[in-house]
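Chain residues, written in single-letter form:
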Amino acid sequence: MYNSKIIGLGHYVPDNVVTNDDLSKLMDTSDEWIQERTGIKERRHVDPKGDDTTTSMGVKAAKVAIERAKIDKDDIDFIVFATLSPDYYFPGPGVLVQRDLGLKTVGAIDVRNQCSGFVYGLSVADQYIKSGMYKNVLVIGSEVHSKGLDMTTRGRGVSVIFGDGAGAAIVSREEDNSKGILSTHLHSQGQFAEELALLAPGMGGRWVNDILAENNPDDTSYMPVMNGQLVFKNAVVRFSEVIMEGLTKNELTPEDIDMLVPHQANLRISQFIQKKFGLSNDQVYNNIMKYGNTTAASIPIALTEAWENGKVNKGDLVVLAAFGSGFTWGSVIMRWS
Ligand code: UT7
């Protein structure tokens, strides 16, 4: 058995900055409300007429990660792509990355676990590497939310929160079992599936033909829905649980954490977890202020920035944790090497 470790990280966000004031021109909201409830000041949206797609942004992030990992792209054995906003309903973006990066005909898998997608993706990569089947796995989280949000007052409970962007990691073999990814922990609770969801095109039996036949301009089934307060309440409990689960599994305690990179769902959620575990501002990396919630991309973007800023160093205990639609949640416990 091997361990796996992250040897290269990269991210890409579109240039187009959308401030809270920009949104308040489109809907009944305010900078004050958004900052107070979420911590978000601005987010990035792809240029609606531009070329950025979920796949192309993922590819850009991956190129940076590959360069920093100092590997040749032909050394990549497998692709894991996490997103809730794929370019196509099918095929998923993993195969598009194989094509657009010009990789050998390696396998490509798409992960559909929304905000927990990158944690799930890392877990998949970790298992393939642990078993010895693959040596280098490219894991990408990328989202284009802006094109799928309801930018009217009707959608304000959701649309002010989400932003576009991508992050990528090269996960590679670590021979020393005391280093790299020590464990991953994954959970789901489908009883809450419809509490944070986009129901089209499946919609419990109502498919595309039915929607076209109805031709109803007020049909909101293409818009994401979220029971914000229920998600919030579950998030703080599950984040805490799954971080403790990972620490306990490795006979560690919250005092051992050097850097916690939580999924950037809401600054208030991150602050709650920080307080609960007695961590300082330097021990938790947050960038939701700049990017909003980028779902599967949020952890790899934040981890890349933390690494770029020298906040993640050899020997550090790095903890990743996520919660989101499904509900799904998970954690990764790593000894950075
Ligand atoms: O990535 C994981 C998935 N997402 C999350 O983790 C999100 C978790 N939930 C949250 O972050 C929070 O619940 C939100 C930020 C989404 C909402 O904050 P809240 O404090 O739970 O507000 P609320 O939904 O209870 O809404 C309070 C009021 C309502 O008005 P009334 O009924 O009190 O008159 C909303 O209609 O705020 C109103 N509201 C807004 N007002 C201005 C909702 N969205 C907005 C908005 N601007 N954008």
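Conventions used here
Residues numbered from 1 in each chain as written. Predicted model: local features only at pLDDT ≥ 70, side-chain atom pairs only at ≥ 80, totals over all residues. Heavy atoms only, no water. Helix = DSSP H or I, 4+ residues; strand = E, 2+ residues; numbered from the N terminus. Rg over C-alpha atoms; globule rule 2.2 N^0.38 Å. Buried < 20%, exposed > 50% of the residue type's maximum accessible area, 1.4 Å probe, protein only. Contact = heavy atoms within 4.5 Å. Areas by Shrake-Rupley, 256 points an atom, 1.4 Å probe, with all protein chains shown as cover. Near = heavy atom within 4 Å. Polar contact = N/O pair within 3.5 Å; in protein donor to acceptor, adjacent residues only side chain to side chain. Phe/Tyr/Trp six-rings, centres within 6.5 Å; stacked < 30°, edge-to-face > 60°. Lys NZ or Arg CZ within 6 Å of the ring centre and 35° of its normal. Pairing = 2+ DSSP bridges. Axes fitted to C-alpha atoms, helices over the stretch in contact; angles between N-to-C directions. Core = buried A, V, L, I, M, F, W, Y, C linked by side-chain atoms within 4.5 Å. Domains from an automatic or database assignment.

**Student:** How do you make sense of the overall build of the chain when you look at a structure like this?
**Tutor:** Scanning the chain from terminus to terminus reveals eleven helices and 13 strands. Expected size for 337 residues packed as a compact globule is a radius of gyration near 20 Å; at 19 Å, the chain falls within 12% of this value. Projecting the C-alpha coordinates of the chain onto the three principal axes gives extents of approximately 60 × 45 × 35 Å. By the burial criterion, 55% of the 337 residues in the chain qualify as buried. Across the chain, the fraction of contacts at a sequence separation of at least 24, relative to all contacts at a separation of at least 6, is 78%. Taken as a whole, the chain presents about 14,700 Å² of accessible surface, with 49% of it coming from carbon and sulfur.

**Student:** Got a minute to help me understand the site of the ligand in this structure?
**Tutor:** If you check the shell around the ligand, you find 23 residues, and the closest are T29, R37, Q229, N266 and N293. Within the side chain of T29, one N or O atom sits 2.6 Å away from a nitrogen atom of the ligand. Here an oxygen atom of the ligand sits 2.8 Å away from a polar atom, N or O, in the side chain of H263. Coverage of the ligand by the protein amounts to 73% of the 940 Å² it exposes when considered alone. Breaking the shell around the ligand down by element, the ones donating at least two residues are helix 2 (31-38), helix 6 (156-159), helix 8 (228-249) and helix 9 (267-276).

**Student:** What is the right way to look at the packing of aromatic side chains in this model?
**Tutor:** For any pair of aromatic rings, the description consists of the separation of the ring centres together with the inter-plane angle of the planes. Inspection of the entire model under this criterion finds six aromatic pairs. Summarising the aromatic geometry, the rings of F78 and Y128 are spaced 4.8 Å apart at their centres and angled 65° between planes, so their arrangement reads as edge-to-face. Here Y128 lies in helix 5 (residues 117-130) and F78 lies in strand 4 (residues 78-82), a separation of 50 residues in the sequence. We classify F78 as buried; its relative accessible area is 6%. Taking the relative accessible area as the measure of exposure, Y128 reaches 24% and is therefore partly exposed. Among the aromatic side chains, those forming a connected cluster through ring pairs are F192, F323, F327 and W329. The residue whose ring lies beneath R173 is Y2, and the NZ or CZ to ring-centre distance is 4.0 Å.

**Student:** In this structure, what is going on with the sheet that holds strand 6 (residues 136-143)? I would like to understand it.
**Tutor:** Here five strands make up an open sheet; going across it, the order is 1-7-6-4-5 and the pairing mixed. Only two strands of the sheet have a single partner each, and these edge strands are strand 1 (3-12) and strand 5 (107-111). When strand polarity is set aside, the average angle formed by the axes of neighbouring strands in this sheet is 20°. Pairing analysis gives five bridges linking strand 4 to strand 6, with the strands arranged parallel. Within strand 6, the residue paired with I79 across the bridge is L138. Contacts from helix 3 (residues 54-69) reach strand 1, strand 4, strand 6 and strand 7 (165-174) within the one sheet, and its direction differs from that of strand 1 by about 125°. The strands touched by helix 11 (residues 298-308) within the sheet are strand 1, strand 6 and strand 7, with strand 1 carrying the most contacts at an inclination of about 95°.

**Student:** Sorry, what's going on with the nonpolar core here?
**Tutor:** Buried together is how nonpolar side chains tend to be arranged in soluble globular proteins. I6, L303, L320 and M334 are the most contacted members of the largest nonpolar core, which has 33 residues in total. Broken down by element, this core gets its largest block of residues, six residues, from helix 5. Counting contributing residues per domain, this core is built from domain 1 (3-174) and domain 2 (180-195 + 223-335), each supplying no fewer than three. When near neighbours in sequence (up to four residues on either side) are disregarded, M334 contacts I6, G180, I181, L182, L303, D316, L317, V318 and L320. Counting 25 residues, the second-largest nonpolar core is a separate cluster that includes V231, L260, I273 and L317.

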